[in-house]
Each structure stands twice: as C-alpha cells, then as structure tokens.
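Report on the structure
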Amino acid sequence: MTKIALVTGANKGIGFETAKQLAQQNIKVLLGARNENDGKRAEEKLRGHSLDVTYMKLDISHSADIENVRNLIENDYGTLDILVNNAAVFLDSSWFGNNIETVPMQILRDTFDINYFGTVELTQALLPLIKKSKAGRIVNISSVSGSFAAHLDESHWLFDLKPYAYSASKTALNQFTVFLADALRETNIKVNAANPGWVQTSIGSEQAPLTPQEGARTGVSLALLDDDGPTGTFSQDGELLPW
Ligand SMILES: NC(=O)c1ccc[n+]([C@@H]2O[C@H](COP(=O)([O-])OP(=O)(O)OC[C@H]3O[C@@H](n4cnc5c(N)ncnc54)[C@H](OP(=O)(O)O)[C@@H]3O)[C@@H](O)[C@H]2O)c1
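Cut-offs applied
- Residues numbered from 1 in each chain as written.
- Predicted model: local features only at pLDDT ≥ 70, side-chain atom pairs only at ≥ 80, totals over all residues.
- Heavy atoms only, no water.
- Axes fitted to C-alpha atoms, helices over the stretch in contact; angles between N-to-C directions.
- Helix = DSSP H or I, 4+ residues; strand = E, 2+ residues; numbered from the N terminus.
- Parallel < 35°, antiparallel > 145°, perpendicular 65-115°, else oblique.
- Left-handed = near helix turned anticlockwise from the far one by under 90°.
- Contact = heavy atoms within 4.5 Å.
- Nonpolar A, V, L, I, M, F, W, Y, C, P; charged D, E, K, R; others polar.
- Patch = residues over 30% accessible without salt bridge, like charges linked within 9 Å, V, L, I, M, F, W, Y side chains within 5 Å.
- Areas by Shrake-Rupley, 256 points an atom, 1.4 Å probe, with all protein chains shown as cover.
- Salt bridge = Lys/Arg side-chain N within 4 Å of Asp/Glu carboxyl O.
- Buried < 20%, exposed > 50% of the residue type's maximum accessible area, 1.4 Å probe, protein only.
- Pairing = 2+ DSSP bridges.
- Near = heavy atom within 4 Å.
- Polar contact = N/O pair within 3.5 Å; in protein donor to acceptor, adjacent residues only side chain to side chain.

**Side note on the packing of helix α1 (residues 13–23) against helix α7 (residues 212–223)**
α7 packs onto α1 with a crossing angle of 55 degrees between their chain directions and a minimal axis gap of 8 Å. Comparing their axes, α7 and α1 come out oblique. As α1 runs across α7, the sense of the crossing is right-handed. Note on element contacts: α7 touches α1 through P212, Q213, G215, A216, R217, V220 and A223, opposite G13, I14, E17, T18, Q21 and L22. When the residues that make up the contact of α1 with α7 are grouped by side-chain class, the tally is six nonpolar, five polar and two charged.

**Some remarks on a nonpolar patch on the surface**
Taken together, the side chains of V178, F179 and W243 make up a nonpolar region of the molecular surface, amounting to roughly 290 Å² of accessible area. Within the secondary structure layout, V178 lies in helix α6 (residues 164–183). Taking relative accessible area as the criterion, V178 reaches 33% and is therefore assigned partly exposed.

**Overview of the environment of Q175**
Summarising the element assignment, Q175 is placed in helix α6. Taking the relative accessible area as the measure of exposure, Q175 reaches 43% and is therefore partly exposed. Put simply, Q175 and G146 are 29 residues apart on the chain and 9.7 Å apart in space, counted from C-alpha to C-alpha.

**A word on the pattern of salt bridges**
For the structure on display, the rule yields eight salt bridges. Notably, a salt bridge pairs K28 with D52, separated by 3.0 Å at the nearest N-O pair. Placement of K28 in strand β2 (residues 28–33) and of D52 in the loop between α2 (36–47) and β3 (53–57) is noted, with a sequence separation of 24 residues between them. Linking K57 and D65 is a salt bridge whose minimum nitrogen-to-oxygen distance equals 2.8 Å. Assessed through its relative accessible area of 35%, K57 is described here as partly exposed. For D65, a relative accessible area of 12% puts it in the buried group.

**Brief notes about the side chain of N140**
Considering the arrangement of structural elements, one finds N140 in strand β6 (residues 137–141). Residue contacts for N140: discarding those within four places in its chain leaves N85, T119, L173, F176, T177, V191, N192, A193 and A194.

**So, the pairing of strand β4 (residues 82–85)**
Of the two faces of β4, both are covered, the one formed by I82 and V84 as well as the one formed by L83 and N85. Note that strand β1 (residues 4–7) and β4 share three bridges and pair parallel. When the sheet's bridge partners are listed, V7 is paired in β4 with V84. Bridge analysis of β4 against β6 gives four bridges, and the strand direction is parallel. Residue pairing across strands places N85 opposite N140, the latter belonging to β6.

**Structural notes on the sheet that holds strand β9 (residues 234–236)**
The mixed open sheet is built from eight strands, whose spatial order is β3-β2-β1-β4-β6-β8-β9-β10. The open sheet has two free edges, formed respectively by β3 and β10 (239–240), since each of these has just one partner strand. Where α1 meets the sheet, its contacts fall on β1, β2, β3 and β4, and the angle it forms with β1 comes to roughly 170 degrees.

**Here we look at the packing of α1 against α2**
Following both chains from N to C, one finds α1 and α2 inclined at 35 degrees, their axes separated by 11 Å at the closest point. When you trace α1 past α2, the crossing you get is right-handed. Taking contact as the criterion, the partners of F16, A19 and K20 in α1 are, on α2, A42, K45 and L46. For the contact of α1 with α2, the per-class residue count stands at four nonpolar, no polar and two charged.

**Here's the deal with the site of the ligand**
Lining the immediate surroundings of the ligand are 29 residues, of which N11, N86, Y166, V199 and T201 lie closest. Between the ligand and Y166, the relevant distance is 2.5 Å, taken from an oxygen atom to a side-chain nitrogen or oxygen of the residue. Between the ligand and G197, the relevant distance is 3.4 Å, taken from an oxygen atom to a main-chain nitrogen or oxygen of the residue. When the free accessible area of the ligand is taken as 900 Å², the share hidden by the protein chains comes to 94%. Elements that contribute at least two residues to the shell around the ligand include exactly α1 and α6. Looking at the shell around the ligand, its residues break down into 13 nonpolar, twelve polar and four charged.

This is the structure:
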C-alpha cells in the first residue's frame, strides 16, 4: 500500500526538497504550506515531475488549520505514515553574537509559537493517525543551534553564533524529540531529530555550502528508516550529534 507523508513548510527550501525526495520514493506526499499560492505553486511544480503530491493549507501556529488537516487526512487516507516537522522561522535580528540580554519577548514568543508550540500541537493532533500506521516515522527538522554541547564548546564553529530565540526553540524541539521517542518506545513509531547542515535557503542564506537537495538528505533518510532503525536520536548524514 502507498505510504502517506506530510511535510510542513513544503513550499520552499528544505521542506520542498524533502517532499520531492519522498514522492520520488512513490510515497503520497501532502504538502503543508501556510500560504495558499505558494503551496499550490509547489504542488504544480512537483506534479510537473509526475509526482503524487497534494497541497494542504497548514499554518502550524493556527489550531483551526491543524484540526482541518487532521480531519482531511483521517477522511481521505485513514492513517499517516510519515510526519516531517520542517516548518520554522528565524526571527532574531542576526545570526552573530549573543542577544540573550536584549531579544524582544515578542520575538521569543513568535519563534516559539511556530518552531515549538505549533510543531508539538500538530504532532499531538496527528499521533492517533500515525499510530494506525504499520511503521510510523516522525522527523523533527532541528538544528545544531539547539545543541547545548555546541554552545558550550569554544572550539565549535557555532560558538559565536548565539541567536537566542531560534536556538532555544530548537533546544525545546530536541527535548520534545527525546520525550516523544520515550513515550512511544513500545510502539512501531520512530521519532528522530535531524540537523540538515548549513543550507542555501531563506534561513541559511546564499552563503551556505549545501544545496536544499543535500540539506533534505538527513530528514528523508530518517523518514525512511527500517524497523530496526534508531529512535530518539539527533543526527546529520548518519552521524550522531550531541544534544
Ligand atoms: N537552512 C539551514 O541552514 C538550516 C540549518 C539548520 C536547520 N534548518 C531547519 O530546516 C527547516 C527548513 O528551513 P529552511 O532552511 O528550508 O528555511 P526556509 O526556506 O525559510 O523554509 C521554512 C519553511 O517553513 C515555513 N513556515 C514558517 N512558518 C510557518 C508556519 N507558521 N506554518 C507553516 N509553515 C511555516 C515557511 O513558509 P513561508 O514560505 O510561508 O514563510 C517555509 O516553507 C527549518 O526547521 C530550519 O530551522 C535550516
């Protein structure tokens, strides 16, 4: 039977490429996007490559969209095999320096609303459908910016890059990954966090070394894990990362 996947923020960047690569594996991919025009454009592009994709309006910070998407998936497919939590924002004023003393509360709240609360709310809403899958896979697209180990290590390239709102939201997402994997350890569902690397997207900038195709690799491989694959991990290209 055809597997069903949902990718959030699938209209561009790593999310678009993730959707494309999953659809190329003959998976039916639901393209979550908050802007209808952007989502439909992505759907059209991928259908132009003969890929089986369907756009769904999904702003992950809107509970009504989450409920609607859950109902649509339940009615049309009855189950969900793969959830890739990719959608996120970077709202800090710069990647450089440490803005912990001045970051506006609104920036912190808006970042957490999407990168953390929206992702948790969507995942909780879809879990009953993922539990109906024979081999559910949840992939949280995180970032090495969320790693305590990287921020504590003076020799790490990230040490001087401490945008607090974005980094803390990814740390919270990592904790969500650990707790959810633990809660589901007796099931056939695997929950893992991916670091895509530094990728040429709106968040990563044009200076990044990796293309979106390359950046999608880690998330796609975690979405396609075999039954004996890991759960509760944080990795990039098969290499475990410290939390
Ligand atoms: N690029 C990197 O170097 C890098 C490194 C580490 C981790 N990541 C992670 O990779 C993931 C993808 O980011 P990207 O680099 O591909 O950046 P991107 O091109 O800016 O894509 C972000 C996507 O998230 C969507 N989004 C934002 N808020 C949303 C909301 N409330 N509801 C639904 N969708 C929403 C955006 O939609 P709109 O087009 O409507 O804004 C867009 O589709 C993110 O989780 C990011 O943190 C990226």
